[in-house]
Amino acid sequence: MSAERNIVILTGAGMSAESGVPTFRGVDGLWEGHRIEEVASPDAFRRNPELVHRFYNLRRAALNTVEPNAGHLALAKLEREWRGNFLLVTQNVDDLHERAGSEKLIHMHGELRKARCECCGAVFPWTQELSSGTRCRACGEIGGMRPHIVWFGEMPFEMETIMNALKSADLFLCIGTSGMVYPAAGFAQMAAQNRACRLVEFNIESTEISRQFRERVIGPVSVELPKFVEQLLSDSHRQAWLER
């Protein structure tokens, strides 16, 4: 494989689950008796902002109890050493990729450790609790602060950048995602429009989109991904030496 190829990577909940990030959802799809849509939608926020804030305050606080796993660290290493273009897109709202060292990163569903004012649009780093009484640091308004999260019915962030990267991808890795949430579930199909693109799925089981991948790696991401990255970098460095 050429050392100058373009990599696009998508990570999902399975990536963070191995670090112990809780989902806050029971086996019945509920959180404390509430459907997830009741705490993760604009309508829910209008109806009961304190319930929504409590849900995200708990999730934000839980980040203090987890650390990046070997899979996160492997992707950060791949970014540092890859000679071509690199883009990491995550559906996860935690900051484990950043803590592992990733920089060329898009949080398409937002970030737990950021807050946004609906009155003025300002976005802030945020590690504290939010409430209906939180004042915006920019405009001073009270009541407009919300988690910087993409809720049901809202458009994911930076979709144009993601789509352009997928169109030129030579290698697409899909890691720990269920393939049930769009538009991310359609990324493999878009990357496959380039018939030379290598598509690889990493998961602990088959998913809704497994049939779209030419290669599949079954097993824990924290185990399988570092091995794959080491081989990929070894092949890349060897090819670069041969082309001198």
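Here the residue index of a chain counts from 1 through its sequence in written order. It should be noted that, the model being predicted, local features are given only for residues of pLDDT at least 70 and side-chain atom pairs only at 80 or more, the latter also being counted only at that level, while totals for whole chains, interfaces and linings use all residues. Hydrogens and water are ignored here; the side-chain numbers use all heavy atoms of the structure.

As recorded in an unreviewed UniProt entry, the protein chain goes by the name NAD-dependent protein deacylase, listed as coming from Prosthecobacter fluviatilis.

Here we look at the overall build of the protein chain
Keep this limit in mind: The helix and strand labels rest on DSSP assignments: H or I over at least four residues marks a helix, E over at least two residues marks a strand, and numbering proceeds from the N terminus. All radius of gyration figures rest on C-alpha atoms, and the globule criterion is 2.2 Å times the number of residues raised to 0.38. Accessibility here uses a 1.4 Å probe with only protein chains present; expressed as a share of the type maximum, an area under 20% marks a residue as buried, one over 50% as exposed, and anything in between as partly exposed. Contacts between residues were defined by any pair of non-hydrogen atoms, one from each residue, lying within 4.5 Å. Positive charges are assigned to Lys and Arg, negative charges to Asp and Glu, while His and the chain termini are left out of the count. By convention, charge coordinates are those of NZ in Lys, CZ in Arg, CG in Asp, or CD in Glu.
Helix and strand content of the protein chain: eight helices and eleven strands. Relative to a compact globule of 244 residues, whose C-alpha radius of gyration would be 18 Å, the protein chain shows 19 Å and is just as compact. Along the three orthogonal principal directions, the C-alpha set of the protein chain runs to about 60 × 40 × 35 Å. Out of the 244 residues in the protein chain, the part that is buried amounts to 51%. Of all intrachain contacts in the protein chain linking residues separated by at least 6 positions in sequence, the fraction that spans at least 24 positions is 66%. Once the 28 positive and 31 negative side-chain charges of the protein chain are each reduced to a mean point, those two points are 2 Å apart.

A short note on the nonpolar core
Selection criterion: The nonpolar core is taken to be a set of buried Ala, Val, Leu, Ile, Met, Phe, Trp, Tyr and Cys residues, with the residues joined through side-chain atoms within 4.5 Å.
In this structure, Leu10, Met108, Ile162, Leu166, Phe172 and Phe187 are the most contacted members of the largest nonpolar core, which totals 23 residues. Mapped by element, the contributors of at least two residues to this core are β1 (7-11), β4 (86-90), α6 (159-167), β9 (171-175) and α7 (187-191). Among the elements that take part in this core, α6 stands out by supplying five residues, more than any other. Setting aside residues no more than four positions away along its own chain, Leu166 makes contact with Val8, Phe172, Phe187, Met190 and Ala191. Among the nonpolar cores identified, the runner-up in size contains 22 residues, and Leu75, Leu78, Phe86 and Leu232 belong to it.

Remarks on the sheet that holds strand β7 (residues 123-125)
Adjacent strands of a sheet pair through backbone hydrogen bonds, lying either parallel or antiparallel. So the rule is basically this: By this definition, two strands are paired if DSSP reports at least two bridges between them. Where helices are involved, their axes are fitted lines through C-alpha atoms of the stretch in contact, as for all axes, and angles between N-to-C directions lie from 0 to 180°.
Taken in spatial order, the three strands make up an open sheet running β7-β6-β8, and their pairing is antiparallel. Edge positions in the sheet fall to β7 and β8 (145-149), since each has one partner strand and no second. Recorded for the sheet is a direction-independent mean angle of 40 degrees between the axes of neighbouring strands. Pairing of strand β6 (residues 110-117) with β8, which is carried by five bridges, proceeds in the antiparallel orientation. When the bridges of β8 are listed, Arg116 appears paired with Arg146. Across the sheet, helix α3 (residues 49-62) touches β6 and β8, and the angle it forms with β8 is around 55 degrees.

Notes on the UniProt feature "binding site: substrate" (unreviewed entry) in the protein chain
Rules: UniProt positions are given in the numbering used here, feature names are shortened, and annotations may be inferred rather than shown by experiment.
When the UniProt feature table is mapped onto this chain numbering, "binding site: substrate" (unreviewed entry) sits at Tyr56 and Arg59. Mapped onto the fold, Tyr56 is located in helix α3. Classification of Tyr56 as buried rests on a relative accessible area of 2%. Ignoring any residue separated from it by four or fewer positions in sequence, one finds Tyr56 in contact with Val39, Ala40, Leu112, Pro147, Ile149 and Trp151. Mapped onto the elements, Arg59 comes out in helix α3.

Notes on the pairing of β4
The buried fraction of β4 is high, at five of five residues. Taking every second residue as pointing to the same face, both faces of β4 are buried, with Phe86, Leu88 and Thr90 on one and Leu87 and Val89 on the other. Pairing analysis gives five bridges linking β1 to β4, with the strands arranged parallel. Within β4, the position partnered with Ile9 by the bridge is Leu88. For β4 and strand β5 (residues 105-107), the ladder comprises three bridges, and the chain directions are parallel. Across the sheet, residue Thr90 finds its bridge partner in β5, namely His107.

Some thoughts on the pattern of salt bridges
Stated precisely, the cut-off is as follows: When a carboxyl oxygen of Asp or Glu is within 4 Å of a side-chain nitrogen of Lys or Arg, the pair counts as a salt bridge.
Applying the stated rule across the entire model yields 13 salt bridges. Among the ionic pairs, Lys77 bridges to Glu230, the shortest N-O distance being 2.5 Å. Of the two residues, Lys77 sits in helix α4 (residues 70-81) while Glu230 sits in helix α8 (residues 221-242), which places them 153 residues apart along the sequence. Classification of Lys77 as partly exposed rests on a relative accessible area of 23%. Across the pair Asp95 and Arg99 runs a salt bridge whose closest N-O atoms are separated by 3.1 Å. For Arg99, a relative accessible area of 34% corresponds to the partly exposed category. Overlapping salt bridges bring together Glu67, Asp95, Arg99 and Arg113 as one network.

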